[in-house]
Amino acid sequence: ELGILFRKGEALQLLRDAKVVAVDKTGTLTEGRPVFERALGVGEFSADEVLRLAASLDQGSEHPLARAVVAAAHERGLALAAPEGVRAVPGRGTEGEAGARSVLVGSLRWMEELDVDLGPLQAQAALWQRDGATVSALAERVPEGPGVGTRYALRALLAFGDEPKPGAREALALLRARGVRCVMVSGDNRGAAEAMARRLGLQPEAGEVMAEVLPGDKAVAVRQLQQQGGGAHTVAMVGDGVNDAPALAAADVGLAMGNGTDVAMHAAGITLMRGDPRLVAAALDISHRTVAKIRQNLFWAFAYNVAGIPLAALGYLNPMVAGAAMALSSVSVMTNALLLKRWRL
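What counts and what doesn't
- Residues numbered from 1 in each chain as written.
- Predicted model: local features only at pLDDT ≥ 70, side-chain atom pairs only at ≥ 80, totals over all residues.
- Heavy atoms only, no water.
- Helix = DSSP H or I, 4+ residues; strand = E, 2+ residues; numbered from the N terminus.
- Rg over C-alpha atoms; globule rule 2.2 N^0.38 Å.
- Buried < 20%, exposed > 50% of the residue type's maximum accessible area, 1.4 Å probe, protein only.
- Contact = heavy atoms within 4.5 Å.
- Lys, Arg positive; Asp, Glu negative; His and termini not counted.
- Charge placed at Lys NZ, Arg CZ, Asp CG, Glu CD.
- Core = buried A, V, L, I, M, F, W, Y, C linked by side-chain atoms within 4.5 Å.
- Pairing = 2+ DSSP bridges.
- Phe/Tyr/Trp six-rings, centres within 6.5 Å; stacked < 30°, edge-to-face > 60°.
- Salt bridge = Lys/Arg side-chain N within 4 Å of Asp/Glu carboxyl O.
- Axes fitted to C-alpha atoms, helices over the stretch in contact; angles between N-to-C directions.
- Parallel < 35°, antiparallel > 145°, perpendicular 65-115°, else oblique.
- Left-handed = near helix turned anticlockwise from the far one by under 90°.
- Expected span 1.5 Å × (residues − 1).
- Nonpolar A, V, L, I, M, F, W, Y, C, P; charged D, E, K, R; others polar.

A. Here's a closer look at the overall build of the protein. From N to C terminus, the protein includes 13 helices and 13 strands. Here the C-alpha radius of gyration of the protein, 27 Å, is well above what a compact globule of 345 residues would show, namely 20 Å. Referenced to the eigenvectors of the C-alpha coordinate spread, the extents of the protein come out at roughly 105 × 40 × 35 Å. In the protein, which comprises 345 residues, the proportion classed as buried is 46%. Once local pairs closer than 6 in sequence are excluded, the contacts in the protein between residues at least 24 apart make up 64%. If the 36 positive side-chain charges of the protein are averaged to one point and the 37 negative ones to another, these points end up 9 Å apart.

The structure is reproduced here in structure tokens:
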């Protein structure tokens with residue numbers, strides 16, 4: 001009724017013990033719909049030419065940044081070339097042929113791995129990151145010299161913006177008020193991730209941000225959190241994408257956003273039927289209250305039997321009274337459990 005589905009009884013009981021909640025950034029804490037903001041080209045490359053090349057390459061990609069580039073190109077009425085030999089590199093970007101140029105679009109980390117010199121645009125990239133933008137780069141394969149081979153040369157920087165989800169900051173504050181440590185996990189560069197974290201009320205200097213985490217490394221990040229404090233931490237992971245599924249499975253408790261992918265929901269023990277981050281704190285509260293009711297019901301069930309069996313054995317209870325007492329035990333347990341119906345978000 002409230003939009004929280006506990007798919008496993010174990011998850012219902014374990015969630016109350018969670019001391020750390022790791023939350024994926026894109027699509028969970030933010031809207032997950034990045035918008036292309038601006039581009040800065042090198043030399044003869046204008047902003048429109050940069051956008052045209054990037055959009056031509058990204059036409060077939062489902063990545064949120066790729067969709068933002070293509071949407072911006074269509075809005076400007078740019079004619080896109082048919083891409084060829086396109087290859088997606090998970091966690092890094094896309095490369096292929098766009099028109100007569102061999103280009104790639106991807107993260108600054110990928111540029112560093114390929115020894116692409118950002119040169120004079122390095123300072124601009126850092127400035128955009130401090131402002132909270134996600135920064136990608138466009139590079140082109142060029143001949144390095146006769147008989148030497150090729151290298152990648154920087155052609156432009158692209159900046160993207162995203163907005164926090166309504167209620168995301170409030171949700172993290174509610175978790176913190178319960179004594180739960182919140183950690184944002186993001187594949188973004190550290191500057192952009194920390195800028196968004198501060199908008200959400202998190203403290204990067206306190207270790208509440210794990211940035212530049214590759215899609216395949218999110219499960220490793222969860223295990224690192226579990227091992228902190230001598231491995232005594234129960235860690236809950238909140239995510240929505242295909243890339244979050246291994247982390248959701250690796251966590252002690254996985255919570256999947258209902259507006260996310262099917263594989264994420266299958267890997268998680270709890271599904272939040274709406275994309276509202278405040279449901280995380282609500283699920284934690286329900287877990288606490290439900291386990292409390294379980295303990296209360298066990299107490300009353302045992303109390304009835306501990307008191308009733310000796311009385312019946314000594315002949316102080318006739319069968320009719322004993323039967324009524326047994327029925328009253330079941331009624332009291334059910335009534336106490338149904339009091340949970342009064343709980344509201």
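B. Focus on the nonpolar core. The biggest cluster of nonpolar side chains holds 35 residues, and the ones touching the most others in it are Leu15, Leu255 and Leu272. Listing elements by their share of this core, those giving two or more residues are strand S2 (18–24), helix H7 (168–177), strand S9 (181–185), helix H8 (190–199), strand S11 (234–239), strand S12 (253–257), strand S13 (270–272) and helix H12 (278–313). Sort the elements by how many residues they give to this core and H12 lands first, with seven residues. Every residue in contact with Leu272, bar those within four places of it in the chain, is listed here: Gly3, Ile4, Leu255, Ala256, Met257, Gly258, Leu279, Val280 and Ala283.

C. Summary view of the pairing of strand S6 (residues 101–107). Judged by how many residues are buried, S6 sits mostly within the fold: five of seven residues are covered. Here six bridges tie strand S5 (residues 93–98) to S6, and the two strands are oriented antiparallel to one another. Paired with Gly96 across the two strands is Val103, which belongs to S6.

D. Here's a closer look at the environment of Met326. Within the secondary structure, Met326 is located in helix H13 (residues 319–338). Judged by relative accessible area, which is 45%, Met326 ranks as partly exposed. Note: C-alpha distance between Met326 and Ala126 (200 residues apart in sequence) is 71 Å.

E. Main features of the packing of aromatic side chains. In this structure the tally under the stated criterion is two aromatic pairs. Between Phe36 and Phe160, the ring centres sit 5.9 Å apart and the planes meet at 70°, which makes this aromatic pair edge-to-face. With Phe36 in strand S3 (residues 35–41) and Phe160 in strand S8 (residues 149–161), this pair connects stretches of sequence that are 124 residues apart. For Phe36, a relative accessible area of 10% gives the class buried. Taking 5.2 Å as the distance between ring centres and 75° as the angle between the ring planes, the aromatic pair formed by Phe299 and Trp300 counts as edge-to-face. Judged by its relative accessible area of 52%, Phe299 is exposed. Among the residues examined, Trp300 registers a relative accessible area of 46% and is labelled partly exposed.

F. Region of interest: the pattern of salt bridges. If you walk through the whole model with that rule in mind, you get 22 salt bridges. Note that Glu194 is salt-bridged to Arg190, the shortest N-O span being 3.1 Å. Separated by four residues within a single helix, Glu194 and Arg190 lie in helix H8, roughly one turn from each other. Residue classification places Glu194 among the buried residues on the basis of a relative accessible area of 19%.

G. The arrangement of the packing of helix H3 (residues 47–58) against helix H4 (residues 64–75) in detail. Two elements in contact, H3 and H4, have axes separated by 8 Å at closest approach and are oriented at 125°. When the axis of H3 is compared with that of H4, the two are oblique. Crossing geometry of H3 relative to H4 is assigned as left-handed. In this structure, H3 uses Leu51, Ala54, Ala55 and Asp58 to contact H4, whose residues at the interface are Ala66, Val69, Val70, Ala72 and Ala73.

H. Seen up close, H3. Counted at 1.5 Å a residue, the expected span for H3 with its twelve residues is 16 Å, and the 16 Å between its end C-alpha atoms agrees. Within H3 the residues assigned to the buried category are Val50, Leu51, Leu53, Ala54, Ala55, Ser56, Leu57 and Asp58.

I. The pairing of S5, seen in detail. Of all six residues that make up S5, five are buried, and the element is covered over most of its length. Sheet topology places strand S4 (residues 83–89) next to S5; five bridges connect them, and they run antiparallel. The residue of S5 that forms the bridge with Val89 is Gly93. Between S4 and the antiparallel strand that follows it, S5, lie three residues; Gly91 among them carries a positive phi value of about 75°.

J. Layout of the sheet that holds S2. An order of S1-S13-S12-S11-S2-S9-S10 is seen for the seven strands of this open sheet, with the pairing classed as mixed. Each having just a single partner strand, strand S1 (4–6) and strand S10 (209–210) make up the two edges of the open sheet. Note that S11 and S12 share four bridges and pair parallel. Along S12, the bridge assignment pairs Met237 with Gly254.

K. Quick look at the packing of H12 against H13. Orientation of H12 relative to H13, taken along the N-to-C sense of each, is 170°, at an axis distance of 10 Å. By the criterion of interaxial angle, the relationship of H12 to H13 is roughly antiparallel. Contacts between H12 and H13 involve Lys293, Gln296, Asn297, Ala301, Tyr304 and Asn305 on the former and, on the latter, Ala325, Met326, Leu328, Ser329, Ser332, Val333, Asn336 and Ala337. Of the residues that constitute the contact of H12 with H13, the class distribution is seven nonpolar, six polar and one charged.

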